[in-house]
Structure formats: structure tokens, C-alpha cells
Amino acid sequence: MNKCVHNMLMTPWPKVGPQQPNPALVRALFGAYAGPRGELTAVAEYFYNSLLTGGSGISNLSELFACVSRTEMVHLEKLGQLILQFGGDPRLLSYANGRPMWWSSGAVTYQGDVPSMLRRAIQGERQACDEYRRLADRMDGAPRALIERIRQDEEHHIELFQRALRGLEGNKTAQNGYAGKG
């Protein structure tokens, strides 16, 4: 059985067919797709975090980061398909000041401190929710439903990362309390 099932929403994905070409919307979608804080960056950052936490023996966090990374990869795929449906070419880039910026692994935050990883993940997921609200406001029908579905995942990720951070802080408090009694 898939180890990630307990970290996923099981809500179905809306199907989006061809749309009227919309270059302005395509450019906006690229930010969520392969922008510096977009889905591609989240995939890479959570994958990296999974490796670090696994190497540190924190298997539950390693699994969480790996599972969320896989979900973000689904978002990347759905956004790439949406870009195609609106007449765009889903290259791994975004736009800044009207100019294309190719995605770079330099957008990933390489942080080895686990609480900071979780706080950064929570912050990134909140920013993603805000971005998806703005994108949804520009769409109707199935494309809007798809963006809203992605946002639901991001909200779920916030809950998962907050729970993990509380658990980590609770363990540290318990360990500190125990150490203080010795």
C-alpha cells in the first residue's frame, strides 16, 4: 500500500478541456508552476528535506516531506496541463517584469535545521494558498475548480506541517524536561 495515502486528500481532480488561449493567464500560471516559490521548487525542496531528515533518522518527517513532494509533483503536472489548455508551452520557467526566468535549483532553500524546514514549509504553503486564490479569481468553471482543488491540498499540507512542528516541539520540551530532572 502507498505509504503516502494517510497524507493525501482523496478528493477527485476536475477535468479541464481546451480553453480559449489566454497569454496573460498563462504567464500568471507560470509563477505557480515553475516560479521561485512555485510547485517545481516545492517538489525539489521537500525532496531535499526528505533526504536530510531520513539521513538524520527522523523517518516520520522524511516520509512526510517525501509524500508532500509527490503531491506537489501532481500539482506541477496539473498546472502544466492547464498551461497547455490555455495555449501555453509548459516550459520550466516563470516571468518577472515581462521577461522569462528559467527555473533554477537556486530557488530551493537548503536548510538543515528541522524546525526551520517545517516553518519554511508552512510559510510556503500559505503563500501558495494566497497565489491560488488570486489565480482562481481569474478563472471560471473547470479551470477554477482545478486551482481550488490544488489549494485544498496546500491547506492540508499546512495542517500536516503544523502537526509535525508541534510534535517536534513537544518532543523537545519533553526531552528538555526529562534532562532537567536528571
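All values derive from a computational prediction rather than experimental measurement.

A.B. asks: Residues and numbers for the overall build of the protein, please.
C.D. replies: Each helix and strand in the protein was counted, giving 5 helices and 2 strands. Written out in order from the N terminus, the α and β elements of the protein read α-α-α-β-β-α-α. Taken along its principal axes, the extent of the C-alpha atoms in the protein is 70 × 35 × 30 Å. Looking at the protein as a whole, 41% of its 182 residues are labelled buried.

A.B. asks: Would you mind going over the packing of aromatic side chains in detail, with residue names and values included?
C.D. replies: Enumeration over the complete set of coordinates arrives at 6 aromatic pairs. Residues phenylalanine 30 and tyrosine 33 carry aromatic rings whose centres are separated by 6.0 Å and whose planes lie at 65 degrees to one another, so their mutual orientation is edge-to-face. Of this pair, phenylalanine 30 and tyrosine 33 both sit in helix H1 (residues 23-34), 3 residues apart, which is roughly one turn of the helix. The two residues phenylalanine 30 and tyrosine 33 agree in class, both being buried. What links up through ring pairs into an aromatic cluster is the set Phe30, Tyr33 and Tyr95. Sitting above the plane of the tyrosine 95 ring, arginine 27 keeps its charged end 4.1 Å from the centroid.

A.B. asks: Lay out the nonpolar core in plain terms, naming residues and giving numbers.
C.D. replies: Leu29, Leu79, Leu82, Tyr132, Leu135 and Ile147 are the most contacted members of the largest nonpolar core, which totals 24 residues. Contributing elements (two or more residues each) for this core: H1, helix H3 (59-85), helix H4 (114-136) and helix H5 (141-181). Ranked by the residues each element gives to this core, the list is headed by H1, at 8 residues. Core analysis: the second largest hydrophobic core is formed by 17 residues, Tyr46, Leu64, Ala121 and Cys129 among them.

A.B. asks: Summarise the pattern of salt bridges; cite the residues concerned and give the values.
C.D. replies: Across all of its chains, the model carries 11 salt bridges by this definition. With a shortest N-O distance of 2.8 Å, arginine 91 and aspartate 89 are connected by a salt bridge. On the basis of relative accessible area, aspartate 89 is assigned to the partly exposed category, the value being 41%. For arginine 151, the salt bridge goes to glutamate 155, with nearest N and O atoms at 2.4 Å. Within this pair, arginine 151 and its partner glutamate 155 are both found in helix H5, separated by 4 residues, close to a single helical turn. Relative accessible area serves as the criterion here: at 27%, glutamate 155 is assigned to the partly exposed category. Via salt bridges that share partners, Asp130, Arg133, Glu148, Arg151 and Glu155 belong to a single interconnected network.

A.B. asks: Which residues make up the environment of asparagine 97, and what values do they have?
C.D. replies: Within the fold, asparagine 97 resides in the loop between strand E1 (93-96) and strand E2 (99-102). Judged by relative accessible area, which is 81%, asparagine 97 ranks as exposed.

A.B. asks: Could you give an account of the packing of helix H2 (residues 39-55) against H3, with specific residues and numbers?
C.D. replies: Two elements in contact, H2 and H3, have axes separated by 8 Å at closest approach and are oriented at 165 degrees. With respect to each other, H2 and H3 are oriented roughly antiparallel. The crossing of H2 and H3 is left-handed. The segment H2 lies against H3, with Glu39, Leu40, Ala42, Val43, Tyr46, Phe47, Asn49, Ser50, Thr53 and Gly54 engaging Leu61, Ser62, Phe65, Ala66, Val68, Ser69, Glu72, Met73, His75, Leu76 and Leu79. Class assignment of the residues belonging to the contact of H2 with H3 gives a composition of 12 nonpolar, 7 polar and 2 charged.

A.B. asks: Describe a nonpolar patch on the surface, listing the residues and the values that go with them.
C.D. replies: On the surface, Val5, Met8 and Met10 cluster together into a nonpolar patch covering about 260 Å² of accessible area. Its relative accessible area of 31% is what places valine 5 among the partly exposed residues.

A.B. asks: Which residues make up the pairing of E1, and what values go with them?
C.D. replies: Sheet analysis places E1 next to E2, joined by 4 bridges and oriented antiparallel. What sits directly across from tyrosine 95, in E2, is proline 100.

About the criteria used
In every chain, residue numbers begin from 1 and rise along the written sequence. Restriction of local features to residues with pLDDT of at least 70 applies here, the model being predicted, together with a cutoff of 80 or more for giving and counting side-chain atom pairs; totals for whole chains, interfaces and linings are based on all residues. Hydrogens and waters are ignored; side-chain quantities use all the structure's heavy atoms. The helix and strand labels rest on DSSP assignments: H or I over at least four residues marks a helix, E over at least two residues marks a strand, and numbering proceeds from the N terminus. For every residue, the accessible area obtained with a 1.4 Å probe (protein chains only) is divided by the maximum for its type, and the residue is called buried under 20%, exposed over 50%, and partly exposed between those limits. Any Phe, Tyr or Trp ring, taking Trp's six-membered ring, that has another such ring centre within 6.5 Å forms a pair; planes under 30 degrees apart are called stacked, those over 60 apart edge-to-face, and the others tilted. Counting as a charge over the ring demands two things of the Lys NZ or Arg CZ atom: a distance within 6 Å of the ring centre and an angle within 35 degrees of the ring normal. As used in this record, nonpolar core signifies buried Ala, Val, Leu, Ile, Met, Phe, Trp, Tyr and Cys residues forming a set joined through side-chain atoms within 4.5 Å. Definition used for salt bridges: Asp or Glu carboxyl oxygen within 4 Å of a side-chain nitrogen of Lys or Arg. Orientation is described by axes fitted as lines to C-alpha atoms, over the contacting stretch for helices, and by angles from 0 to 180 degrees between their N-to-C directions. Working rule for angles: under 35 degrees goes down as roughly parallel, over 145 as roughly antiparallel, 65 to 115 as roughly perpendicular, anything else as oblique. A crossing counts as left-handed when the near helix is turned anticlockwise from the far one by less than a right angle, and as right-handed when that turn is clockwise. Pairs of residues are marked as contacts when any of their non-hydrogen atoms sit within 4.5 Å. For this scheme, ten residues count as nonpolar: Ala, Val, Leu, Ile, Met, Phe, Trp, Tyr, Cys and Pro. Four count as charged, namely Asp, Glu, Lys and Arg, and the remainder, Gly too, count as polar. Note that patches include only residues with greater than 30% relative accessible area and no salt bridge, and the join distances are 9 Å for like charges and 5 Å for nonpolar side chains (Val, Leu, Ile, Met, Phe, Trp, Tyr). Here, Shrake-Rupley sampling with a 1.4 Å probe gives the accessible areas, and only protein chains in the shown set may cover a residue. Two strands are counted as paired when DSSP detects at least two bridges linking them.

By themselves, these figures tell us nothing about what the structure is for.
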